[in-house]
Every structure is written in structure tokens, then in C-alpha cells.
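Given next are the chains, with one letter for each unit.
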Amino acid sequence: ALEDVQSDEGEGNNLGVSADQALVNIWRPSKFNSRASFFVYFGPELVTLLKAGSYQQFSVQPGPFTLMLQSQTWEILKGTLEAGKTYNVLVSVAQGYNRAVARLEMVSANDPRIAELASAKPRTVDPKSMVKYVKKYGPQGKTMYSKLQTGKAKSKEILASDGE
């Protein structure tokens, strides 16, 4: 839910993982099409707008989890997150037919593709700034999530070994 997103736009503090939560880091290096930004959904809920050259952190309840990213196409990761573990998701970008196409990939915290961001502070988003986007783009996430639930959309699996 949007209230779970960190409180203000700008740079925040590293959250770190707690024993009763899972931590999801979404990395968007700038070297991949720096002008493109993407909407990120947790299940059917729009949670943030991910910009190039940043990363965002989310402390989430362990258990079933679905991360969806909207670009020219949809990318979906689905799995079960474990408490006390950190999950790193890399967003890589290529030029599509008429706009950027993003791909989601589970990576290690040591992956060299996220090295440029490893020493940066995570970008935070004010939930109030997302209200206009939720109104306009939120229904698209709900539609895609429904398609996923009924087998009309494909997802990649988040494996237990992806948690660190």
C-alpha cells in the first residue's frame, strides 16, 4: 500500500532488514535509458514511480509477493518472501517499438550492474505525490493482476535462493 512507501521525496536512510519483515530493493541504474521511468506495483497496488539512477527500498510482510512493472510491456515477478531476507531486483531497460521496455531480474547485492548505486541513499517517495498516478494508472495494475490470477499473464519466479 502507498502508506508503506517511505515518507518523503528525496534521499532516505538505508532501511536494513528486520527479523520479522522482508526487504525488497529495486535497482534502476542510470546507464539503462536514463529518461525512462516506470510504475511499480505490489500485487494490484501502484506503489511508486521508479526513476533512472536510483533505487528504492520496501519493507514488506513475508509470504506471497507479486511485483509488477509497467513499461511498453509488463514484467512480473512472483514468489514467497522470507522474513529476515533481502531481495534485490534489477531493472534493465532497452528501447522497444515506441518506448522503453524494462526487464526485471533477481540479482545478488554484489552484482556489478548495481555498483553505481551501492553507496547511494535510496530514493524515497511521498505517498501524496503518487495520488495523481494511482488515479490514472492504478486500474491498469488491477487489470494486469487479475489477468495474472486467472492465468492470462505470465510471471517469472522469485526463488527461495534469491533472498540473501
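A brief look at the structure comes next.

## Concerning the nonpolar core
The biggest cluster of nonpolar side chains holds 25 residues, and the ones touching the most others in it are Ile26, Phe42, Leu67 and Val91. Sorting the residues of this core by element identifies strand E2 (22-28), strand E3 (38-42), strand E4 (45-50), strand E5 (54-60), strand E6 (63-70), strand E7 (74-81), strand E8 (86-95) and strand E9 (100-107) as the ones contributing at least two each. Excluding anything up to four places from it in sequence, isoleucine 26 contacts Val40, Phe42, Leu50, Ser54, Tyr55, Gln56, Phe58, Leu67, Val89 and Val91. In this structure, Phe39, Leu49, Ile76 and Met144 belong to the second largest nonpolar core, which totals 11 residues.

## Examining the environment of glycine 16
Its location among the elements puts glycine 16 in the loop between strand E1 (10-11) and E2. What makes glycine 16 partly exposed here is its relative accessible area of 42%. When the C-alpha positions of glycine 16 and glutamine 57 are compared, they lie 9.0 Å apart, and in sequence the two are 41 residues distant.

## Some words on the side chain of glutamine 57
For glutamine 57, the position within the fold is in strand E5. By relative accessible area, glutamine 57 is classed as buried at 5%. Among the polar contacts listed, one links the side chain of glutamine 57 to the side chain of asparagine 25, at a separation of 3.0 Å.

## Points about the sheet that holds E9
Across the sheet, which stays open at both edges, the 4 strands sit in the order E5-E2-E8-E9 with mixed pairing between neighbours. Each edge of the open sheet carries a strand with a single partner, namely E5 and E9. Adjacent strand axes in the sheet meet at a mean angle of 20° when their direction is disregarded. In the sheet, E2 pairs with E5 via 7 bridges, with the strands oriented antiparallel. Bridge pairing in E5 places asparagine 25 opposite glutamine 57.

## Concerning the packing of aromatic side chains
According to the stated counting rule, one finds 6 aromatic pairs in the structure shown. An angle of 45° between the planes, with centres 5.2 Å apart, marks the rings of tyrosine 41 and tryptophan 74 as tilted. With tyrosine 41 in strand E3 and tryptophan 74 in strand E7, this residue pair connects regions lying 33 residues apart in the sequence. Taking relative accessible area as the criterion, tyrosine 41 reaches 0% and is therefore assigned buried.

Cut-offs and rules
Residues numbered from 1 in each chain as written. Predicted model: local features only at pLDDT ≥ 70, side-chain atom pairs only at ≥ 80, totals over all residues. Heavy atoms only, no water. Core = buried A, V, L, I, M, F, W, Y, C linked by side-chain atoms within 4.5 Å. Buried < 20%, exposed > 50% of the residue type's maximum accessible area, 1.4 Å probe, protein only. Helix = DSSP H or I, 4+ residues; strand = E, 2+ residues; numbered from the N terminus. Contact = heavy atoms within 4.5 Å. Polar contact = N/O pair within 3.5 Å; in protein donor to acceptor, adjacent residues only side chain to side chain. Pairing = 2+ DSSP bridges. Axes fitted to C-alpha atoms, helices over the stretch in contact; angles between N-to-C directions. Phe/Tyr/Trp six-rings, centres within 6.5 Å; stacked < 30°, edge-to-face > 60°.

These results come straight from atomic positions and should not be treated as a statement about function.
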